[in-house]
Amino acid sequence: MAVTGRFAPSPSGRIHLGNILCCLLAWLSARQKGGRVILRIEDLDIARCPRRYGEQMCRDIRWLGLDWDEGPVIGGPSGPYEQSRRTALYQAALRRLEAQGLVYPCFCTRKELLAASAPHASDGARVYDGRCRRLSPQERAALWAGGRSPAWRGQVPAETGSFVDGNYGPQAQRLDRDCGDFILRRSDGVYAYQLAVAADDGAMGITRVVRGWDLLSSTPRQIWLLEQLGYPVPAYCHVPLLLAPDGRRLSKRDRDLDVGYLQAHSTPEKVTGLLAWLAGLQPRPEPVQPRELIGDFAWTKVGAQDKVVDEAAWQAL
């Protein structure tokens, strides 16, 4: 089967070195198999993700020497490629789940959510106890009449979701205990990340998802959604994160080696060479173009250990 991979960055700021590593590995993973790449801009929260940030992100990715077969600028059959323009797809997906009895309104306030959640999810998040699932029709009607605007949750089964990650190996999550009934659409009408990503990956025919391991725990939820929506499940490969010397993750908020800085102080070849070295794809941080890495790319070289961007890395730029 032909491989279709994707970049799916969130344009809440200028992309940084960690985002670039994920884009590079996603691109190499697809191109090494002769596959295609789709660029999708994940701008669900338009207040945090102005359109100009997405446009800048496209320019930044191209500066690095990475291309895509479908996406903003060049178009394609799976468009539009900005999540802010794909709400009709998410609405249709929510209705399909509702028709299967897998969705219910949640009227809990923030304070009630804290009281109704267990603090022992596998990823550190709080797990909702499903109290609104147990409301009677009369109780729901009364809350509607009282003017509460509900969020909508997916009703997960008491089953274990499992998959084999291409880089981290076998993974398993008990859906009801480890993630609970999760939000599909917020009370303000914005569709949630889990539903949007699953609906997009399914509709776009994505066969391989490459992203940071911080999203590893989201995968069983997305697989469950894909299965309920009738889409094939892609292969997943999660990648290590880049860390600052103090151990924190690089972030857009802190502007850790963002592309604006890199463009002013380095070259695309030096940036790619540094990332290839950090990812175990070459023995030294020597300048290289992305296409030169395709032939020798292998997940066994990447490994699962997070990478520290230390003084040696700075000097390579």
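Being a predicted model, the structure only gives us computed values, none of them experimental.

Undergrad: Sorry, what's going on with unusual backbone geometry here?
TA: For residues other than glycine, phi is negative in most cases, and the peptide bonds are mostly trans. With an omega dihedral of 0°, the bond running from Gly 79 to Pro 80 counts as a cis peptide bond. Structurally, Pro 80 is set in the loop between helix H2 (51-63) and helix H3 (87-99). The backbone of Val 73 shows a phi angle near 80°, a positive value even though the residue is not glycine. Along the polypeptide, Val 73 turns up in the loop between H2 and H3.

Undergrad: For this particular structure, what's the right way to read the packing of aromatic side chains?
TA: For any two aromatic rings, the description comes down to two numbers: the centre-to-centre distance and the angle of the planes. As enumerated under the stated definition, the model contains six aromatic pairs in all. Ring geometry for Phe 163 against Tyr 236: centres 5.9 Å apart, planes inclined by 65°, an arrangement best described as edge-to-face. Here Phe 163, found in strand E7 (residues 160-165), pairs with Tyr 236, found in strand E11 (residues 235-239); they are 73 residues apart in sequence, far enough to count as distant. Phe 163 sits in the buried class, given a relative accessible area of 11%.

Undergrad: What should I look at first to understand the pairing of strand E6 (residues 151-154) in this one?
TA: Remark: a regular strand shows side chains that alternate across the two faces of the sheet. By the alternation rule, side chains of E6 split into Ala 151 and Arg 153 and Trp 152 and Gly 154, which are all buried. Relative to E6, strand E3 (residues 103-106) runs antiparallel, the two sharing four bridges. Among the inter-strand pairings, Pro 105 is bridged to a residue of E6, identified as Trp 152. Two strands pair when backbone bridges link them, and E6 and strand E9 (residues 183-185) are joined in this way by two bridges, in the antiparallel orientation. Paired with Trp 152 across the strands is Arg 185, a residue of E9.

Conventions we followed
Throughout this description, residue numbers start from 1 for each chain and increase along the sequence as written. Under the rules for a predicted model, residues below a pLDDT of 70 receive no local features and side-chain atom pairs below 80 are neither given nor counted, while totals for whole chains, interfaces and linings still include all residues. Side-chain metrics in this entry use all non-hydrogen atoms of the structure; hydrogen atoms and water are not considered. The helix and strand labels rest on DSSP assignments: H or I over at least four residues marks a helix, E over at least two residues marks a strand, and numbering proceeds from the N terminus. Pairs were defined over the aromatic rings of Phe, Tyr and Trp, the Trp ring being its six-membered one, requiring ring centres within 6.5 Å. Orientation was assigned from the angle between planes: stacked under 30 degrees, edge-to-face over 60, tilted for the rest. Exposed residues in this analysis have more than 50% of their type's maximum accessible area, buried residues have under 20%, and partly exposed residues fall in between, with area computed by a 1.4 Å probe over protein chains only. Strands qualify as paired when DSSP identifies two bridges or more between them.

So yeah, pure geometry; function would need other evidence.
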